[in-house]
Amino acid sequence: MRLSRVGAIVGCLAVLVACGPGQAPGGAGSSPGGAGTTGAGMTGASPRGTSPSPDGTSSPTDPASPALPVPTNTKDVEVEGDPGEPVLVKAVRFADHGPLDRVVIDLDGDVTGYSVRWVDELIQDGSGEPIDVRGGAYLQVTLKPANAHTDEGKPTWTGGPIFQAGLGNVQNVVKTGDFEGVVGIGLVLDHRAPFSVAKLTSPDRLVVDVAH
C-alpha cells in the first residue's frame, strides 16, 4: 500500500517537470506565431533588402514590390508646353534601382514643356561656356517655362552646380541653367544607354530613368 502511494507521487512530479512551472502543454510559448517570432513577421521589422527610392516607393530589391521597368529607347524626348506661369524646380534627387538609375525632379506646379536629348557636352545656359565635367555620354534635360528661384531671386534648388551621383550609369547631375524661364539639368553618364521620361503627380515631379 505504501509502495503504491509512493509511485503515484513520483508520477505526479514527472508530469510537473515536463510541463514547467505554471505552463501546460500547447501554451503561449509553443505557438509558431507568438511573441518569440523573429524576422519580417515581428512588429516594427522590415523585410530584408528593402530600400526607399527617391520618390517614396520601394526599390526592386524589395521582394514585396515589382521591379521598375527598364528603359529600351534611346531617342530624344520633347514635349511642347503652353506659355504660362513657370513651374518651380524645388530639388533634384537620384538613386540606383538595380538595372536602372532614377533621377527625380521635384516640382511646385505642373510642368508643361520639357525635353531630354543627347548632347556632345554640357553648356552653361546664359554664358554658353562648356561645363568642366567628364563622362562617356551626356543627357540634357530642359524644362520650359520653369524657374529654380523665387520672385525675390532666392534659389529653390540649392547647391551644385555639380552634384556627385556615382550610380550604376549616372555619374553626376549638373545644374546647367536657370535663366529666362528655362531650367537646365545635365546628366553625366558612364555610357550611352536607353532612357525613359515620365511626368508624375501627387506630388508633381518629372522622372528620368536611365538603364545601366
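Predicted model, so just to flag it, every value in this text is computed and none were measured.

Here is what the cut-offs are and how they apply
- Numbering of residues begins from 1 in every chain and follows the order in which that chain's sequence is written.
- Given that this is a predicted model, residues contribute local features only at a pLDDT of at least 70 and side-chain atom pairs are listed and counted only at 80 or more, while totals for whole chains, interfaces and linings are drawn from all residues.
- Hydrogens are left out, water is left out, and the side-chain values use all remaining heavy atoms of the structure.
- Classification of ring pairs rests on two measures: the distance between centres of Phe, Tyr or Trp rings, Trp counted by its six-membered ring, which must be within 6.5 Å, and the angle between planes, read as stacked under 30 degrees, edge-to-face over 60 and tilted in between.
- Numbering of helices and strands runs from the N terminus; a helix is a DSSP stretch of H or I covering at least four residues, while a strand is a stretch of E covering at least two.
- Burial status follows relative accessibility: with a 1.4 Å probe on protein chains alone, a residue under 20% of its type maximum counts as buried, one over 50% as exposed, and anything between as partly exposed.
- A ring is considered to have a charge above it if a Lys NZ or an Arg CZ atom is located within 6 Å of its centre and within 35 degrees of its normal.
- Being paired, for any two strands, means DSSP has found at least two bridges between them.
- Under this definition, polar contacts are N or O atom pairs within 3.5 Å; protein pairs additionally need one hydrogen-donor-capable and one acceptor-capable atom, and for neighbouring residues in sequence, both atoms have to be side-chain atoms.
- The pLDDT value tells you how sure the predictor is about a given residue, anywhere from 0 up to 100.
- Residue contacts follow a heavy-atom distance rule, with two residues in contact if any of their heavy atoms lie within 4.5 Å.
- What we call a nonpolar core is a set of buried Ala, Val, Leu, Ile, Met, Phe, Trp, Tyr and Cys residues that are connected through their side-chain atoms within 4.5 Å.

Caption draft 1: Local environment of the packing of aromatic side chains. Throughout the structure, instances matching the rule amount to two aromatic pairs. Seen from their ring centres, Trp-118 and Phe-195 are 5.8 Å apart, and the 75° between their planes marks the pair as edge-to-face. Residue Trp-118 is located in strand E4 (residues 114–119), and its partner Phe-195 is located in strand E10 (residues 195–200); the two are separated by 77 residues in the primary sequence. With a relative accessible area of 3%, Phe-195 lands in the buried category. Between the aromatic rings of Trp-157 and Phe-163, the centroid separation amounts to 5.5 Å while the plane-to-plane angle is 10°, which identifies the pairing as stacked. Here Trp-157 falls in the buried class, since its relative accessible area comes to 3%. Among the residues examined, Phe-163 registers a relative accessible area of 18% and is labelled buried. Here the guanidinium or amino end of Lys-175 rests over the ring plane of Trp-157, the centre of that ring lying 4.9 Å away. One cation-aromatic arrangement involves Arg-192 over Trp-118; the distance from NZ or CZ to the ring centre is 4.3 Å.

Caption draft 2: Molecular detail of the pairing of E4. Within E4, five of the six residues are buried, which leaves it mostly tucked inside the rest of the structure. Bridge count between strand E1 (residues 77–79) and E4: three bridges; the pairing is antiparallel. In the sheet register, Glu-78 faces E4, and the bridge partner there is Ser-115. Bridging between E4 and strand E5 (residues 137–143) involves six bridges; their strand directions are antiparallel. Note that in E5 the partner of Val-119 across the bridge is Tyr-138.

Caption draft 3: Representation of the side chain of Arg-102 in the model. Within the element layout of this structure, Arg-102 appears in strand E3 (residues 100–108). Engagement of the side chain of Arg-102 in a polar contact is seen with the side chain of Asp-209, the distance being 2.8 Å.

Caption draft 4: View of the sheet that holds E3. The strand order across the open sheet formed by five strands is E6-E2-E3-E11-E10, and the pairing between neighbours is mixed. Looking at the sheet topology across the chains shown, the edges are occupied by strand E6 (146–147) and E10. Two elements, strand E2 (residues 87–96) and E3, share eight bridges in a ladder whose sense is antiparallel. Pairing of Val-92 across the sheet is with Ile-105, part of E3.

Caption draft 5: How the structure looks around the confidence of the model for the protein. Mean pLDDT over the protein stands at 77; residues scoring 70 or higher make up 69%. Every residue in residues 1–65 scores below 50 in pLDDT, and together they form 34 contacts with partners more than four places removed in sequence or on other chains.

Caption draft 6: Spotlight on the nonpolar core. Within the largest apolar cluster, 30 residues are counted, with the highest numbers of intra-cluster contacts made by Val-89, Ile-105, Val-141, Leu-143, Ile-185 and Leu-187. Residue assignment for this core shows that the elements contributing at least two residues are E2, E3, E4, E5, strand E8 (170–179), strand E9 (182–189) and strand E11 (205–211). The contact partners of Val-141, leaving out residues within four places of it in the chain, are Ile-105, Ser-115, Val-116, Val-183, Gly-184, Ile-185, Leu-187, Leu-206 and Val-208. Judged by nonpolar contacts, the second largest core, of seven residues, contains Leu-122, Ile-131, Val-133 and Val-188.

Caption draft 7: Quick look at the pairing of E10. Looking at chain direction, E10 and E11 are connected through six bridges and run antiparallel. Each residue of the ladder has a partner; that of Ser-196, found in E11, is Asp-209. In this structure, the hairpin formed by E10 and E11 is closed by a connection of four residues, where Ser-202 is found at a positive phi of approximately 55°.

Caption draft 8: Fine view of the environment of His-149. Its location among the elements puts His-149 in the loop between E6 and strand E7 (162–164). For the pair formed by His-149 and Asp-178, sequence separation is 29 residues and the distance between their alpha carbons is 7.9 Å. Beyond its immediate sequence surroundings of up to four residues, His-149 is in contact with Leu-88, Lys-154, Pro-155, Thr-156 and Asp-178. Engagement of the side chain of His-149 in a polar contact is seen with the side chain of Asp-178, the distance being 2.7 Å.

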